[in-house]
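Spelled out, the chains give:
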Amino acid sequence: MTLALDATLCGLIVAVALATVLGRGVFRAIVFFIVYGLLLSVAWVRLGAVDVALAEAAIGAGLTGVLFLAAVGKLARTGAEAEPAPGRPHLPAALACAGLTGALAWAWFALPEPERPGSDLAAALPRAGVENPVTAVLLNFRAWDTLLESIVLLAALVGLWLLARDEDWHDRLGLPQHVRPGGVMESFGRLLPPVGVLVGIYLVYIGADRPGGAFQGGTVLAAVGLVAALAGLIRTPRVTGHLWRAAMVVGPLVFLAAGVAGAALGAGFLTLPEPIAGGAIFAIEIALASSIAVTLAFLVIGPPERGHRR
Amino acid sequence: MGDLATYAFTGIGLVFFAAGSAGLLRFPDVFSRLHALTKADNLGLGFIALGTSFQAGSWRDVALLALIWGLMLLAAATVSQLIARDALRERDGE
Amino acid sequence: MTGPTLYALTGAALVGIGVFGLISARHLLRRVVAFNLIGSGLFVFLGAAGARGGAADPLPQALIITGIVVALSASALAVGLVVAHARASGRPALPEEDEEA
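Owing to the predicted nature of the structure, the values given are computational and were not obtained by experimental measurement.

**Student:** Explanation requested: the overall build of chain C in the structure shown.
**Tutor:** Per the secondary structure count, chain C includes 4 helices and 0 strands. Starting at the N terminus and ending at the C terminus, chain C contains elements arranged as α-α-α-α. Computed over its C-alpha atoms, the radius of gyration of chain C comes to 17 Å, more than 25% above the 13 Å expected for a compact globule of 101 residues. Dimensions of chain C along its principal axes, counting C-alpha atoms only, are 55 × 25 × 10 Å.

What follows is the structure, given as structure tokens:
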């Protein structure tokens, strides 16, 4: 019975992915991609990975979808929306891709059976300072990955901002939004943020013990900011805003500080000794969530563009 | 008793979802499709939330289900308004 | 067939579909979308490998969450490049393929 559910879900996911790639029109492809992300987050719940499901729904489907839809609008503004003619059907490419899928399938069946998963992890978890094993891995056992990831986010934002034209540099980020005063979008922008901020902070706070955490909560907060900006209720900041720049780097900085504290206490860089682990992870989560929220929102809004002046 | 209510309410919800999807596929223009989607699917989701709340372990879970339904209503109403306005503009523009 | 195997095969199929989209699409935005399909297909494959033997292993989960966030930042940079390219050339496709079409 549950296998029938899984098979239906997998069939749907593959069908929607095919529609994303093969369908006509870039807009349609993006809509299918958003549907794909939502179906995929259900698949993550079925695989028992609720933390990943939250991240996939919020980032994979939500923010990525907004990013692509906004890109279609920006392309239309440049006058480059015309869809290039679809190429000839690539039979060799299709065969090669089928071969790739076949090779991955073969690799799956050739994989050795795992030992009981996470036996070392289960033994180490009581010393991690948090109860959610995924948070323990992210912010304690494999803190290097997460620290570097937060710096990758910053690097991507710097790269994106480098694409701004010189004359646009002092403008506000992204394009200005024109919203009918008192219209539905404005009311939506007023109603949603209180609930969204609550949900975002709750997800950050609960991440120590249950599914959630800095990434999922930070994404929800970023989405709240995007909705408010889309509704014209807040104006997007400028590249030169010092407070926003500080918010972008506070996460990596607190993370580094905790790492150095670990070294000073004799445990080694980025190794959190048990007495301070709980508090340190909580501080890192809050700082990281602020940085992630600001950086992700800026990544989706894009570099400053002309249009604010005029 | 609770299980029976769950079956009944989620069953009703699924019927509404099926009707909404049929409307989406069969109706001729954007506005009637939006009508089918928002009316039928919002009701369907409400019934499914009602059905699942009989399985909830606590009133907290019931409140969360109600919150989710409320947020979905808000989002669906806003999005359908925006789509309809865009469709109107496109129709009048041509 | 068990659940994880089913999802692993789905992930394998998604990688194939994504690579095909990456090769066959001309519109650069569609290529970025296809690239995201490849990434998430690999995540599903990895997640399925971590879900064998009952409970989901937290280690791949943490890696996948990291991966999802990095995928978004890479996509944002890619989209920025696509928009900048389209603004400079007036076409959302690569020049050599424009001539071919």
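**Student:** What am I meant to see in the overall build of chain A here?
**Tutor:** The number of helices and strands found in chain A is 11 helices and 0 strands. Counted from the first residue to the last, chain A has its helices and strands arranged as α-α-α-α-α-α-α-α-α-α-α. Taken along its principal axes, the extent of the C-alpha atoms in chain A is 60 × 50 × 35 Å. Here chain A, with 310 residues, has 44% of them falling under the buried criterion.

**Student:** Please clarify how the interface of chain C and chain A should be interpreted in this entry.
**Tutor:** A common way to report how large an interface is uses the accessible area buried once the components associate. Between chain C and chain A, the contact holds 69 residues from the first and 77 residues from the second. The set of elements that each furnish at least two residues to the side of chain C that touches chain A consists of helix H1 (3-24), helix H2 (28-50) and helix H3 (58-89) of chain C. With 24 residues, H3(C) is the single largest residue contributor to the side of chain C that touches chain A. For the side of chain C that touches chain A, the class distribution of residues is 44 nonpolar, 18 polar and 7 charged.

**Student:** Teacher, can you tell me more about the interface of chain B and chain A here?
**Tutor:** Each partner contributes residues to the interface: chain B has 5 residues there, and chain A has 5 residues. Per-class residue counts for the side of chain B that touches chain A are 3 nonpolar, 2 polar and no charged.

**Student:** What am I meant to see in the arrangement of the chains here?
**Tutor:** Counting contacts across all 2 pairs of chains that touch, the top-ranked interface belongs to chains A and C. Contact between chain B and chain C is absent, and the least distance between their C-alpha atoms amounts to 23 Å.

**Student:** Explanation requested: the domain arrangement of chain A in the structure shown.
**Tutor:** All names here are of chain A. When cut into domains, chain A gives domain 1 (1-78) and domain 2 (125-310). Placing the centre of domain 1 and that of domain 2 at their C-alpha centroids yields a distance of 23 Å. With 10 residues of domain 1 in contact, the opposing surface of domain 2 contributes 13 residues. Of the residues that constitute the side of domain 1 that touches domain 2, the class distribution is 8 nonpolar, 1 polar and 1 charged.

**Student:** I tried to follow the environment of Leu296(A) on my own but got confused; where do I start?
**Tutor:** Take Leu296(A): it is sitting in helix H11 (residues 274-301). Using a count of 29 C-beta atoms within 10 Å as the deciding quantity, one classes Leu296(A) as buried. Through-space distance from the C-alpha of Leu296(A) to that of Leu95(A) is 37 Å; in sequence the pair is 201 residues apart. Those residues in contact with Leu296(A) that lie beyond four places of it in its chain are Leu63(A), Gly218(A), Thr219(A), Ala222(A) and Leu72(C).

**Student:** Just to check I follow, could you spell out the confidence of the model for chain A for this structure?
**Tutor:** Keep in mind that low pLDDT regions are not for reading the predicted coordinates in detail. Mean pLDDT over chain A works out to 86, with 93% of the residues at or above the 70 mark. Here helix H5 (residues 119-124) of chain A stands out as the least confident element of chain A, with mean pLDDT 74; helix H2 (residues 26-46) of chain A is the most confident, with 93.

**Student:** Please explain the packing of helix H1 (residues 2-26) of chain B against helix H2 (residues 30-53) of chain B as it appears in this structure.
**Tutor:** Geometry of a packed helix pair, given as the angle between the helix axes and the separation of the axes. Residue and element names in this part refer to chain B. The geometry of H1 relative to H2 is characterised by a closest axis approach of 7 Å and an angle of 165° between their N-to-C directions. In terms of axis orientation, H1 runs roughly antiparallel to H2. Crossing angle aside, the handedness with which H1 passes H2 is left-handed. Its residues assigned to classes, the contact of H1 with H2 shows 16 nonpolar, 8 polar and 2 charged.

**Student:** Explain H2(C) to me, please; I cannot follow it from the model alone.
**Tutor:** Side chains that are three or four residues apart share a direction in an α-helix, a result of its 3.6 residues per turn. Here H2(C) is 23 residues long and its end C-alpha atoms lie 33 Å apart, about the 33 Å a rise of 1.5 Å per residue gives. Burial analysis of H2(C) places 19 of its 23 residues in the buried class, which makes it a mostly covered element.

**Student:** Sorry if this is basic, but what is going on with helix H9 (residues 214-230) of chain A here?
**Tutor:** Residue and element names in this part refer to chain A. Taking 1.5 Å per residue, 17 residues should reach 24 Å; H9 reaches 24 Å between its end C-alpha atoms and fits that length. Among the 17 residues in H9, 16 count as buried, and that is most of the element. After H9 finishes, the residue Gly232 shows a positive phi value of roughly 75°.

**Student:** Whenever I open this one, the confidence of the model for chain C confuses me. Can you help?
**Tutor:** All names here are of chain C. Counting all residues, the mean pLDDT for chain C is 87, and 93% of those residues have values of 70 or more. Predicted confidence in chain C is weakest over helix H4 (residues 95-100), with a mean pLDDT of 63, and strongest over H2, with 93. Across the interfaces of the predicted complex, the ipTM metric reaches 0.93, alongside a pTM of 0.89.

**Student:** In this structure, what is going on with the environment of Leu157(A)? I would like to understand it.
**Tutor:** Residue and element names in this part refer to chain A. As for its position among the elements, Leu157 is in helix H7 (residues 143-162). Overall, Leu157 belongs to the buried group, with 22 C-beta atoms counted inside 10 Å. The spacing of Leu157 and Pro303 is 146 residues in sequence and 8.7 Å in space, taken between C-alpha atoms. Setting aside residues no more than four positions away along its own chain, Leu157 makes contact with Thr295, Phe298 and Leu299.

Calculation notes
- Residues numbered from 1 in each chain as written.
- Chains lettered and ligands numbered in written order.
- Predicted model: local features only at pLDDT ≥ 70, side-chain atom pairs only at ≥ 80, totals over all residues.
- Helix = DSSP H or I, 4+ residues; strand = E, 2+ residues; numbered from the N terminus.
- Rg over C-alpha atoms; globule rule 2.2 N^0.38 Å.
- Buried ≥ 20, exposed ≤ 12 C-beta atoms within 10 Å, placed from the backbone.
- Contact = placed C-beta atoms within 7 Å.
- Nonpolar A, V, L, I, M, F, W, Y, C, P; charged D, E, K, R; others polar.
- Domains from an automatic or database assignment.
- pLDDT = per-residue confidence, 0-100.
- Axes fitted to C-alpha atoms, helices over the stretch in contact; angles between N-to-C directions.
- Parallel < 35°, antiparallel > 145°, perpendicular 65-115°, else oblique.
- Left-handed = near helix turned anticlockwise from the far one by under 90°.
- Expected span 1.5 Å × (residues − 1).

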